[in-house]
Amino acid sequence: MTSIVANQWYVAAYGREVGRELFSRTICGESILFWRTEAGEVTAMSDRCVHRRFPLSQAPSHLDGDTVVCGYHGFTYGSDGVCVAVPGQTRVPRTARLKAYPVVEQDSFVWVFIGDPDRADTTQIPRAPWLAQDGWTTVSGMEPLAARASLLVDNLMDLSHETYLHGGYIGTPEVAETPITTEVDEDAGIVYVSRHMDDAECPPFYATSTGLTGRIARWQDIEFTPPCLYKLHSRIAPVGSVPAADGTDPDAFHVEVVYAITPETENSTHDFWAVARDFALDDAEVSAFLHENNRTVVLQDVVALDVLESVIAGEADGYQELSINIDTGGLAARRLINRMAGEGAEARVPAAR
Ligand code: FES
Ligand SMILES: [Fe+2]
């Protein structure tokens, strides 16, 4: 039984990672080749030549205009994955085609659909508009995680761990002390977890980037669209400041922390992270600080979750957990993911392309 949910869109890369060089990444256990056509469109197809399985991302495989030429014996494929030329004969076998993946570039991400391509509905891709929008400045990266994706979901749905694992960066005592509220939109399949701290210490992450000194109002509003896209709407403001009735919020600083949680395999994950802000837009020092600081925080999680993966993987007969109030968001996320896994499994068609 696989823990990876099929028939879903997953973030495979940042758009900036895909160009006129052949680029390969394993997504949900599938080795996928990405490249951009001369017109700039991102393509996604299997990274295994149909002839003898040579990886098309491996030199001397190369692009020739809008075709990719296998570096072993020269099978040549178009941007749709269909083979257009083979060596030593004019007839190209009808079945010589690479599996092609539905692919969409949106909000700075490259999304691929894993599963039955006929079920790929681009309107289902969740949005993170701030990552590529005027009025916002974003820093971002991706860290490889040697742990199953569900451990990162658990981690991000419960931010009380900030106090302990990320003290001195983003954690302060108030995060763990303040209760959360959890809501699930069953129809949309979204989990919301909120924690509003109205009088809290300002952690270095926000003190240095915003210049606020003293105590702050700190709101954390999580919005998770399983299986892949996690958003933390973070609001930092002087104590007592609240948004105006018309929705404007001039005294506050807003940070959108976005994670894309993409399984690489059953037991490893691509941990995409991005931090978008609506202040100090052109300040390179603030960008450098937030990039370095957030990456450090992400790596603190990576170290902890890699350890957890090896612990759990060693407990062959399953393991017991004990959940408390802080876990309600994570448990809701698990429930939605299990529901999607059931639906995906039932409709999963072997994609023989
Ligand atoms: S393995 Fe690609 S052409 Fe032979
Ligand atoms: Fe964390």
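Please refer to the structure higher up on the page.
Bear in mind that the values here come from a model prediction, so they are computed numbers and not experimental data.

## Topic: the coordination of the iron ion (ligand 2)
The coordination sphere of the iron ion (ligand 2), as far as protein atoms go, consists of His161 (NE2), His166 (NE2), Asp301 (OD) and Asp301 (OD), spread over 2.1 to 2.4 Å. Metal-centred angles of 57 to 139° between the 4 donor atoms at the iron ion (ligand 2) mark the site as irregular. All donor residues of the iron ion (ligand 2) come from one chain, and their arrangement in sequence is H-x4-H-x134-D. Accessibility expressed as a relative area gives 15% for histidine 161, which makes it buried.

## Considerations on the sheet that holds strand S8 (residues 83-85)
The strands making up a sheet associate through backbone hydrogen bonding, with each pair oriented either parallel or antiparallel. Here we have 4 strands laid out as an open sheet, ordered S5-S6-S7-S8, and antiparallel in their pairing. Of all strands in the sheet, those with a lone pairing partner are strand S5 (62-64) and S8, marking the two edges. In this sheet, adjacent strand axes meet at a mean angle of 35° when their direction is disregarded. Where strand S7 (residues 76-78) lies against S8, 2 bridges are found, and the strand directions are antiparallel. Across the sheet, residue threonine 76 finds its bridge partner in S8, namely alanine 85.

## A look at helix H1 (residues 149-157)
Each α-helix turn comprises 3.6 residues. Residues three or four places apart therefore point the same way. Burial of H1 is extensive: 7 of the 9 residues sit out of reach of the surface. Residues Ala149, Leu151, Leu152, Val153, Asn155, Leu156 and Met157 constitute the buried set of H1.

Definitions and limits used
- Residues numbered from 1 in each chain as written.
- Chains lettered and ligands numbered in written order.
- Predicted model: local features only at pLDDT ≥ 70, side-chain atom pairs only at ≥ 80, totals over all residues.
- Heavy atoms only, no water.
- Donors = N, O, S within 2.8 Å, 3.2 Å for Na, K, Ca; no water.
- Tetrahedral: all angles 85-135°; square planar, octahedral: opposite > 155°, others 65-115°.
- Buried < 20%, exposed > 50% of the residue type's maximum accessible area, 1.4 Å probe, protein only.
- Pairing = 2+ DSSP bridges.
- Helix = DSSP H or I, 4+ residues; strand = E, 2+ residues; numbered from the N terminus.
- Axes fitted to C-alpha atoms, helices over the stretch in contact; angles between N-to-C directions.

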